[in-house]
Amino acid sequence: MKKIFTLLFSASGLLMFSQKIESFETILNDKISIRAIELYDNKVWYSGTDSKFGFVDLKNNKTQKQIKLSEKKLQFRTLAQNKDAFYAINIESPAHFFRIDKKDLSVINIYTDTLKTAFYDAFIFVNDEHAVTFSDPAKDLNLKLSFIMTKMNAVLDFNTLTKREGFNSIKLNEGEAAFAASNTNIAHQGTNIWIATGGKSSRIIKIDYTTLKSNVYKTPFIQGESAQGMYSIDFANQNFGVAVGGDYTKQEANVNNIATTNDGGKTWQIQASGKNAGYTTCVKIKPNSKGKEMISVGDQHISYSSDFGKTWKKISDEKGFYVCKWVDGNTVVFAGKDKISLMKLKF
């Protein structure tokens, strides 16, 4: 019986990780660091260092274009889109909110945050007219939220939001912030927004953007040091979500750096502790898999899970990627240091 059980277990393991890399092609080379990408019109769009913004066509990578959002050498780690335009915010102060028209790639600066502590970590649209972004806190440790209203190109900052009835002021702990690693430490499903923090505390902030009511939940994620915590989150629906991260300064460390939730972020269960490839900057759930399948990327690896994040297999040792996004159920685009690449998987 023992031999039969072992054989069955081995066979199920093979089925569990049956995906193979069919092709892996670099479609853009440039002197740039890219941590935010979007897909539109069969192209991958990116923002990065040296004020660079552009696209490369997914079917013909010779079709590409790049512009500069500013004459200054700004660093961009955020990018979001609605039906009419792309929006990007540079890190560090002053933080400029740029709108890039999809028709002609014309650029306007719709808002500038001059607060010295401004450092915008992630940016996401919750519907076609409203986007949400957040910055590291000021000295008062209040989470700095901004809502973008696209029809008016208006920005409601934290001070305005706190005046709205029903909004709970969110106070961060000393040494708690967020990581601008891949524009993915914020996620949304339905009316819910989730924000993942890290550092001396690594928690989940959940906000209903229609009422602005909020809750903050503790997690068992690695935390306590400035480089530790959750770096990326993704949700399949309003209940199931996954978080990845670790310690940037100890990239091989793999204890308490992956977790999942089944109740919308209230409680989190550590997964694959001590049995994964280490520090991870981005995780994306496969479309239509209901959370069962997901891919993740770190500076030193690309990994895959086909059992709701419980176990992981390193499928590539390719280095220097920071962000990924599913193109379809078999194709993933990766971006990072000096490149954008396209991986096709066979199942």
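Provided above is the structure to which this section pertains.
Residues numbered from 1 in each chain as written. Predicted model: local features only at pLDDT ≥ 70, side-chain atom pairs only at ≥ 80, totals over all residues. Heavy atoms only, no water.

Enquirer: Just give me the short version of the environment of Ala-80, but keep the residues and values in it.
Expert: Checked against the element boundaries, Ala-80 lands in strand β5 (residues 80-81). For the pair Ala-80 and Lys-144, spaced 64 residues apart in sequence, the C-alpha separation works out to 18 Å. Apart from residues lying up to four places away in sequence, Ala-80 is in contact with Glu-38, Ala-85, Phe-86, Tyr-87, Phe-123, Ile-124 and Phe-125. (Helix = DSSP H or I, 4+ residues; strand = E, 2+ residues; numbered from the N terminus. Contact = heavy atoms within 4.5 Å.)

Enquirer: Tell me about the sheet that holds β5, and please be specific about residues and values.
Expert: Taken in spatial order, the 4 strands of this open sheet run β5-β6-β7-β8, and their pairing is antiparallel. Each end of this open sheet is capped by a strand with a single partner; those strands are β5 and β8 (107-113). As paired strands, strand β7 (residues 95-101) and β8 are joined by 6 bridges and run antiparallel to one another. Looking at β8, one finds that Arg-99 is bridged to Ile-108. (Pairing = 2+ DSSP bridges.)

Enquirer: Lay out the pattern of salt bridges with the relevant residues and their values.
Expert: All chains considered together, the criterion is met by 11 salt bridges. The salt bridge partner of Lys-337 is Asp-338, with a shortest N-O separation of 3.7 Å. Given the relative accessible area of 27%, Asp-338 is considered partly exposed. (Salt bridge = Lys/Arg side-chain N within 4 Å of Asp/Glu carboxyl O. Buried < 20%, exposed > 50% of the residue type's maximum accessible area, 1.4 Å probe, protein only.)

Enquirer: Give me the lowdown on the side chain of Arg-35, citing residues and values where you can.
Expert: Following the sequence through the fold, Arg-35 ends up in strand β1 (residues 20-40). Although buried, Arg-35 forms no salt bridge, and the nearest oppositely charged side chain, Asp-299, lies 5.5 Å from it. Of note is the side chain of Arg-35, whose polar atom sits 3.0 Å from the backbone oxygen of Ala-181. Those residues in contact with Arg-35 that sit more than four places away from it in its chain are Ser-47, Arg-77, Ala-180, Ala-181, Ser-182, Asn-183, Tyr-322 and Val-323. (Lys, Arg positive; Asp, Glu negative; His and termini not counted. Polar contact = N/O pair within 3.5 Å; in protein donor to acceptor, adjacent residues only side chain to side chain.)

Enquirer: Please provide a residue-by-residue account of the pairing of strand β9 (residues 120-125), values included.
Expert: With 6 of its 6 residues buried, β9 lies for the most part within the structure. As paired strands, β9 and strand β10 (residues 130-135) are joined by 5 bridges and run antiparallel to one another. Within the sheet, the bridge partner assigned to Ile-124 lies in β10 and is Val-132. The hairpin formed by β9 and β10 contains 4 residues between the paired strands.

Enquirer: Tell me what's going on with the sheet that holds β10, and back it up with residues and numbers.
Expert: With antiparallel pairing, the 4 strands of this open sheet are ordered in space as β9-β10-β11-β12. For this open sheet the edge positions go to β9 and β12 (154-156), each flanked by a neighbour on one side alone. Going across the sheet, the axis of each strand differs from the next one's by a mean of 20 degrees, ignoring polarity. Direction of pairing for strand β11 (residues 144-149) relative to β12: antiparallel, over a ladder of 3 bridges. The residue bridging Met-149 from the neighbouring strand is Ala-154, located in β12. (Axes fitted to C-alpha atoms, helices over the stretch in contact; angles between N-to-C directions.)

Enquirer: Pulling in residues and values, what's your account of the pairing of strand β2 (residues 43-48)?
Expert: Counted residue by residue, β2 has 6 buried out of 6 residues, so it is predominantly covered. With burial as the criterion, each face of β2 is covered, one bearing Lys-43, Trp-45 and Ser-47 and the other bearing Val-44, Tyr-46 and Gly-48. Relative to β2, β1 runs antiparallel, the two sharing 6 bridges. Note that in β2 the partner of Ala-36 across the bridge is Ser-47. Sheet topology places β2 next to strand β3 (residues 52-57); 5 bridges connect them, and they run antiparallel.

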